[in-house]
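Summary of the model geometry
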Amino acid sequence: MTPEALAALHARCFTTPRPWNAPEFADFLGSRFCFLLTEPAGFLLGRVIADEAELLTVAVDPAARRQGMGARLLSGFATAARARGATTAFLEVAAGNAPAQALYRQAGWVETGRRRGYYHAPDGTAEDALLLGCDLSRG
């Protein structure tokens, strides 16, 4: 997927946090630490630095949700992160994003913290980010 296609899909999936634009995706894709996993209507962007992985974003087209694509991307993330030497992983998710939280928890992620008022919605309201972690050393 091109940075433009990633940005277009991201915009269909997110308002809070704000969707990323094509130059931001291009910057991530240009980093030797980042990796991209794709599905026909979704993608996951991650990075590994030393032994720690970060799930930067995952996006599945709203019309294609609840078909297992998110779970496949998460499984692929764990495999790709381990192959790059990661033993732990973390991510941030909006506190109000219950479907994403359920997906992550089903995959073994656990809450490790909270960032108060981290995300800012287009209407100016703030939303907490939950920090989730996953042990990649087992699996």
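Here the structure is shown first, and the text comes after it.
I will try to describe carefully the structure that is included in this document.

Quick notes on the rules
- Residues numbered from 1 in each chain as written.
- Predicted model: local features only at pLDDT ≥ 70, side-chain atom pairs only at ≥ 80, totals over all residues.
- Heavy atoms only, no water.
- Helix = DSSP H or I, 4+ residues; strand = E, 2+ residues; numbered from the N terminus.
- Expected span 1.5 Å × (residues − 1).
- Buried < 20%, exposed > 50% of the residue type's maximum accessible area, 1.4 Å probe, protein only.
- 1 Å grid on protein atoms, 1.4 Å probe; cavity = no way out; pocket = protein on both sides within 12 Å on 5 of 7 lines; lining within 4 Å.
- Points joined across faces, edges and corners; volume = space filled by probe spheres on them.
- Nonpolar A, V, L, I, M, F, W, Y, C, P; charged D, E, K, R; others polar.
- Pairing = 2+ DSSP bridges.
- Right-handed = clockwise from strand over helix to strand, strands pointing away.
- Axes fitted to C-alpha atoms, helices over the stretch in contact; angles between N-to-C directions.
- Contact = heavy atoms within 4.5 Å.

**So, helix α3 (residues 69-83)**
Given a rise of 1.5 Å per residue, 15 residues ought to cover 21 Å, and the 21 Å separating the end C-alpha atoms of α3 matches this to within 8%. Burial in α3 covers these residues: Met69, Gly70, Leu73, Leu74, Phe77, Ala78, Ala80 and Ala81. Trailing α3 by a residue or two, Gly85 shows a phi angle of about 100 degrees, which is positive.

**Here we look at the layout of surface pockets**
Approximately 930 Å³ is the volume attributed to the largest pocket. Lining the largest pocket are 39 residues, with Val58, Asn97, Ala100, Leu103 and Tyr104 sitting closest to its centre. At the level of elements, α1 (3-13), β3 (52-60), α3, β4 (88-94), α4 (98-106) and β5 (110-120) are the ones that each hand at least two residues to the lining of the largest pocket. The element contributing the most residues to the lining of the largest pocket is β3, with seven residues. Of the residues assigned to the lining of the largest pocket, the class counts are 23 nonpolar, nine polar and seven charged.

**Details of the pairing of β4**
Both faces of the sheet carry side chains from a regular strand, because those side chains alternate between them. Looking at chain direction, β3 and β4 are connected through three bridges and run parallel. Directly across from Glu52, in β4, lies its bridge partner Thr88. In this region the chain leaves β3, passes through α3 and returns to the parallel neighbour β4; the handedness of that crossover is right-handed. Both β4 and strand β6 (residues 126-135) contribute to a ladder of seven bridges, which runs antiparallel. Bridging across to β6, Leu91 finds its partner in Leu132.

**Description of unusual backbone geometry**
Residue Ala50 is not a glycine yet carries a positive backbone phi of 60 degrees. Examined against the element boundaries, Ala50 turns out to sit in the loop between β2 (42-49) and β3. A positive phi angle, close to 65 degrees, is found at Arg66, a residue other than glycine. Within the secondary structure, Arg66 sits in the loop between β3 and α3. For Arg66, a relative accessible area of 87% puts it in the exposed group.

**Section: the sheet that holds β3**
Read from one edge of the open sheet, six strands run β1-β2-β3-β4-β6-β5, paired in mixed fashion. The outermost strands of the open sheet, each flanked by one partner alone, are β1 (34-39) and β5. On average, adjacent strands in this sheet sit at an angle of 25 degrees to one another, irrespective of strand direction. The sheet contact formed by β1 and β2 spans six bridges and is antiparallel. Bridging across to β2, Cys34 finds its partner in Arg47. Set on the sheet, helix α2 (residues 22-29) makes contact with β1, β2 and β3; between it and β2 the angle comes to about 45 degrees.

The values are spatial; any link to function lies outside them.
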